[in-house]
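Next come the chains, spelled out residue by residue.
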Amino acid sequence: MELSTEFWLQLLAYACSFAAVYGRLMVRIQYLEQKMDKHNQLVERVYRLEAEEKTTHQRLEELREEMLR
């Protein structure tokens, strides 16, 4: 059984198509990972700010109580 040139060309075309789709998917996944990292950093920053805000409000309450005494 001998494989024709057309078979090898078709196989090469499939391989190129697969490589192109795979490459595009990998680029898209990388882009989404970067967006997710930015989102996670934002969530962490907001969490820290909320904790600092809570501390600040507690300190303000302490100062108000001291002023009223």
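For every chain, the first residue of the written sequence is number 1, and numbering continues from 1 onward in sequence order. For a predicted model such as this one, the threshold for reporting local features is a pLDDT of at least 70, and the threshold for listing and counting side-chain atom pairs is 80 or more; totals across whole chains, interfaces and linings nevertheless cover every residue. With hydrogens and water set aside, each side-chain value is computed from the structure's full complement of heavy atoms.

Could you clarify how one ought to interpret the environment of Leu-49 in this entry?
Assignment of secondary structure puts Leu-49 in helix H1 (residues 5–68). For Leu-49 and Arg-64, which are 15 residues apart along the polypeptide, the C-alpha to C-alpha distance reads 22 Å. Strands here mean DSSP runs of E at least two residues long; helices mean DSSP runs of H or I at least four residues long; both are numbered from the N terminus.

What should I look at first to understand a nonpolar patch on the surface in this one?
Together, Leu-3, Phe-7, Trp-8 and Leu-11 give the surface a local cluster of nonpolar side chains, amounting to about 390 Å² of exposed area. Tracing the backbone shows Leu-3 in the segment before H1. Nonpolar side chains (Val, Leu, Ile, Met, Phe, Trp, Tyr) are joined into patches within 5 Å and like charges within 9 Å, using only residues with over 30% relative accessible area and no salt bridge. Accessibility throughout is a Shrake-Rupley quantity obtained with a 1.4 Å probe, and a residue counts as covered only by protein chains that appear here. One speaks of a salt bridge when a side-chain nitrogen belonging to Lys or Arg is within 4 Å of a carboxyl oxygen belonging to Asp or Glu.

I tried to follow the packing of aromatic side chains on my own but got confused; where do I start?
Both the distance between ring centres and the angle between the ring planes are used here to describe each pair of aromatic rings. Working definition: a ring pair exists when centres of Phe, Tyr or Trp rings (six-membered ring for Trp) sit within 6.5 Å. Plane angles under 30 degrees give stacked, over 60 give edge-to-face, the rest tilted. Per the stated rule, a full pass over the model turns up two aromatic pairs. Relative to Trp-8, the ring of Phe-7 lies with its centre 5.2 Å away and its plane at 75°, an arrangement referred to as edge-to-face. Ring centres of Phe-18 and Tyr-22 lie 6.2 Å apart, and the angle between their planes is 20°; this geometry places the pair in the stacked category. With Phe-18 and Tyr-22 both in helix H1 and four residues apart, this pair spans about one turn of that helix.

In short, the description is geometric, and any link to function would need to be established separately.
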